[in-house]
Amino acid sequence: MTPKLSDSQLVILSTACQRPDACVFPVTLKLKGNAIGNVLKSLLTKGLLEEIPGRADDTIWRYDDEGAPLTLRATRAAFEALGIEPDDALAGHTAGTDETAGTEATEPAEPAPVPPTAAPARKTRGLAKQAQLIGMLKRPEGASIEEIVAAFGWQAHTVRGAIAGALKKKLGLDVTSEKVDGRGRVYRIHA
């Protein structure tokens, strides 16, 4: 069963799953206080993140009892929860390998149980639309309200609400807008 995830959890997981090493850090989400720490702890509890030995150039999550640095990365369960098929670099990546980070290749049969038809079905849910909206706004040319309405079939006020509420307020993304001749108001997220 796929765990129910908040918007913050989805952003952190989807960002980590897009990285080649599936590492969580650096976290790009902006939240106040220790909210990010609480989100990361909840993802650890759900088995969607795991602690792995940190290297000198990694952001350190915490230190273990022996003083060794630990960082965080997404587990195979995180990829499955998002409906993403991990790339070859994570083929042996399973939950609970934090103590055996160098021996992930010992279980090559682990990826087989995920049916190939499961990934496309998950992409039609709300996460996919939010990720697609963010993708449209991150393009160099950005996106206008009309383009987003055409892409998603939303009303114009829904698009403005998603940009102001979900993206700016909840996720803390820096969304800018400018008036462009021939296109109207164009919104962008600068990387």
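Here's a quick rundown of the structure. Everything numeric here is computed off the predicted structure, so don't read it as measured data. (Residues numbered from 1 in each chain as written. Predicted model: local features only at pLDDT ≥ 70, side-chain atom pairs only at ≥ 80, totals over all residues. Heavy atoms only, no water.)

## With respect to the overall build of the chain
The cut-off we apply is this: Each helix corresponds to a stretch of at least 4 residues labelled H or I by DSSP, and each strand to a stretch of at least 2 residues labelled E; elements are numbered beginning at the N terminus. Only protein chains enter the area calculation, which uses a 1.4 Å probe; residues under 20% of their type maximum are buried, those over 50% are exposed, and those in between are partly exposed. In what follows, residue pairs with any heavy atoms lying within 4.5 Å of each other are defined as contacts. In this description, accessible areas are obtained by the Shrake-Rupley approach with a 1.4 Å probe, and a residue is regarded as covered only by the protein chains that are shown.
Check the secondary structure of the chain and you find 7 helices and 6 strands. For the chain, the succession of helices and strands along the chain, N to C, is α-α-β-β-β-α-α-α-β-α-α-β-β. Every one of the 191 residues in the chain was classed for burial, and the buried ones make up 38%. By sequence separation, contacts in the chain at least 24 residues apart represent 52% of the contacts at least 6 residues apart. When the accessible surface of the chain is split by element, carbon and sulfur atoms take 55% of a total near 11,000 Å².

## Thoughts on the environment of Gly47
Mapping Gly47 onto the fold places it in the loop between helix H2 (35–45) and strand E1 (49–53). A C-alpha to C-alpha distance of 7.0 Å links Gly47 and Ala77, two positions 30 residues apart in sequence.

## A short note on the nonpolar core
Convention followed: For our purposes a nonpolar core is just a set of buried Ala, Val, Leu, Ile, Met, Phe, Trp, Tyr and Cys residues, chained together by side-chain atoms within 4.5 Å.
Ranked by internal contacts, the top residues of the largest apolar core, which has 40 residues, are Leu137 and Ile148. Of all the secondary structure elements, the ones that give two or more residues to this core are helix H1 (7–18), H2, strand E3 (69–74), helix H3 (76–82), helix H5 (126–138), helix H6 (145–152), helix H7 (156–170) and strand E6 (184–189). If you tally residues by element for this core, the top one is H1, at 6 residues. Aside from chain neighbours lying at most four places away, what touches Ile148 is Leu133, Met136, Leu137, Ala143, Gly153, Trp154, Val159 and Ile163.

## Examining the sheet that holds E1
Inclusion rule: Pairs of strands are assigned from DSSP output, requiring at least two bridges between the strands. For helices, the fitted axis covers only the stretch in contact; all axes are lines through C-alpha atoms, and the angles between them, taken along N-to-C directions, range from 0 to 180 degrees.
Ordered by their spatial adjacency, 3 strands build an open sheet running E1-E3-E2, and the pairing between neighbours is antiparallel. Strand pairing shows two members of the sheet lacking a second neighbour, E1 and strand E2 (62–63), which therefore form its edges. When E1 meets E3, the two strands line up antiparallel, connected through 5 bridges. Residue Leu49 lies in a different strand from E3, and its bridge partner there is Ala74. Strand contacts of H2: E1 and E3, with the helix running at about 95 degrees to E1, the strand carrying the most contacts.

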